[in-house]
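Read off the chains here:
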Amino acid sequence: MKINSLKFCDTDTKWNLSKVEFKNLTLLVGASGVGKTQILKSVLRLRAIAKGKSYSGAKWEIDFTTLDENHFIWKGEFEPNGKEIFSIKRDEEPEEDDTPKVIFEELYLNGNQIIKRDLEKIIFEGQKTVKLAQDKSIINLLKEEDLISPAFLGFQRIIFSDQVESKSNSQRFNPDFITKERILQKYKNIESIRESDENIVTKLYLAYNNAKDVMNSIEERFMDIFPFVTEIKVAPLDFEDGDDTPSILREIPFIQLKERNVEDWIIQPQISSGMYRTLMHLSELFLCQEGTVILIDEFENSLGVNCIDELTVDLQTSYHRNLQFIITSHHPYIINQINYKNWKLVTRKGSEVATREATDIVDFNKSKQQAFIQLTQLEEFTTGIAE
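Let me begin by describing the structure that accompanies this report. Keep in mind that what you see is a predicted model, and the values were worked out from it rather than measured. Per chain, residues are indexed from 1 in the order of the written sequence. Whole-chain, interface and lining totals are the exception, using all residues; otherwise, since this is a predicted model, local features are given only for residues with pLDDT of at least 70 and side-chain atom pairs are given and counted only at 80 or more. For side-chain calculations, the full set of non-hydrogen atoms in the structure is used, while hydrogens and water are omitted.

**Description of the sheet that holds strand β12 (residues 253-259)**
Thought 1: Reading across from one edge, β11-β12-β13 is the order of the three strands in this open sheet, with antiparallel pairing throughout. Edge positions in the open sheet fall to β11 (229-236) and β13 (266-267), since each of these has one partner strand only.
Thought 2: Strands are labelled as partners when DSSP assigns at least two bridges between them. Starting at the N terminus, helices and strands are each numbered in turn, a helix being any DSSP run of H or I of at least four residues and a strand any DSSP run of E of at least two. Where β11 and β12 come together, seven bridges link them in antiparallel fashion. Paired with Glu 231 across the bridge in β12 is Lys 258.
Thought 3: It only takes one pair of heavy atoms within 4.5 Å for two residues to be counted as in contact. Here an angle of 0 to 180 degrees is reported between the N-to-C directions of two axes, which are lines fitted to C-alpha atoms, with helices fitted over the stretch in contact. Running at roughly 135 degrees to β11, helix α8 (residues 212-225) makes contact with β11 and β12 of the sheet.
Thought 4: Packing of helix α10 (residues 273-287) onto the sheet brings it into contact with β11 and β12, and relative to β12 it is tilted by some 115 degrees.

Listed below in structure tokens is the structure:
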């Protein structure tokens with residue numbers, strides 16, 4: 001899936017995003033609090049709506065292309081109930097008694113309207129359907145239909161890559177590994193691993209065992225960034241004889257690193273947060289599904305300069321995997337590392353949020369460094385306030 005453009009409005013709070021167009025890689029830049037994160041959350045809210053959630057006051061228009069090259073435009077609006085704010089939580093379920101209904105919905109496929117909906121009826125390819133749930137989107141209700149299925153599946157390939165807490169999460173018990181023999185038999189090649197719904201740590205374990213060539217690529221790229229690392233393994237720990245650790249825990253795999261001139265393996269809880277987050281980002285790039293849309297908020301968090309530099313290169317050279325990246329940052333180093341053609345300046349005036357192409361406001365006939373300095377000196381960049 002590739003998101004071409006998006007308009008979104010929360011009529012409860014009057015938060016309104018003017019049409020924003022996306023490329024294979026879009027870097028949203030601008031002052032803190034201007035709305036960069038909310039743009040990502042609008043995309044996540046539409047993913048949740050496609051999955052069957054309902055949101056008071058949500059109004060949208062999204063243009064996207066699926067892996068099979070079908071072009072969709074999806075418009076819709078939920079009635080407002082005045083009780084729900086634009087939440088920072090993802091996929092939040094409203095109270096059952098307050099579930100809002102869909103006011104209208106339209107779906108276009110390759111320029112042809114295939115669905116038109118209002119409070120009274122749903123017209124699908126010119127025919128009125130049977131009565132369907134009024135609080136769920138048409139993409140969810142008709143996801144089994146051949147015309148609708150690609151759109152539904154496309155929204156399942158949107159992921160929010162929040163690796164900021166990945167270090168602490170890595171030390172939590174992972175129940176997937178209780179049945180590791182079952183999942184090793186279920187996902188025997190890289191295609192099935194990528195298409196699975198397993199979390200990224202489980203996918204890395206599967207690649208270590210069943211997709212050695214891809215695992216080697218991840219390992220080599222990681223060692224490019226951290227040259228003192230000589231090996232990565234995802235396997236149960238080695239326990240000494242007489243250790244009283246329960247047998248079920250002895251079978252759980254851990255990510256482990258071997259460093260040059262260090263005798264013992266560095267086990268998962270001991271890996272630095274920056275190294276761990278880098279490994280998780282690399283694993284996503286290699287192991288996510290084809291056509292995935294990856295959202296990353298404040299890309300620089302927990303990463304050292306060397307990690308930022310290398311991972312930024314990877315984002316800009318991953319097009320062969322048919323991936324799309326929409327990321328936010330106000331970190332000067334990241335902005336300067338990404339091609340200016342991918343910059344999009346976010347500004348707001350009250351609750352009205354808009355974006356502008358950097359090429360429309362910065363003189364790129366100058367050197368890259370001068371253009372970057374010119375961007376950072378713009379009042380719109382420093383204050384976030386639109387003229």
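**Some remarks on helix α3 (residues 149-156)**
Residues spaced three or four apart along an α-helix face the same direction, because each turn holds 3.6 residues.
Thought 1: Burial here depends on accessible area, computed with a 1.4 Å probe over protein chains only, as a share of the maximum for the residue type. Under 20% is buried, over 50% is exposed, and the range in between is partly exposed. Among the residues of α3, those classed as buried are Pro 150, Ala 151, Phe 152, Gly 154 and Phe 155.
Thought 2: The elements touched by buried residues of α3 are α1 (36-51), β4 (58-65), β5 (71-78), α2 (138-141) and β10 (158-160).

**Focus on unusual backbone geometry**
Most peptide bonds take the trans configuration, and most residues that are not glycine carry a negative phi.
Thought 1: Positioned with a positive phi, Asn 261 is a non-glycine residue whose angle comes to about 65 degrees.
Thought 2: With respect to the helices, strands and loops of the structure, Asn 261 is situated in the loop between β12 and β13.
Thought 3: Overall, the relative accessible area of 81% leaves Asn 261 in the exposed class.
Thought 4: One non-glycine residue, Glu 298, lies in positive phi territory at about 50 degrees.
Thought 5: With respect to the helices, strands and loops of the structure, Glu 298 is situated in the loop between β14 (293-296) and α11 (305-316).

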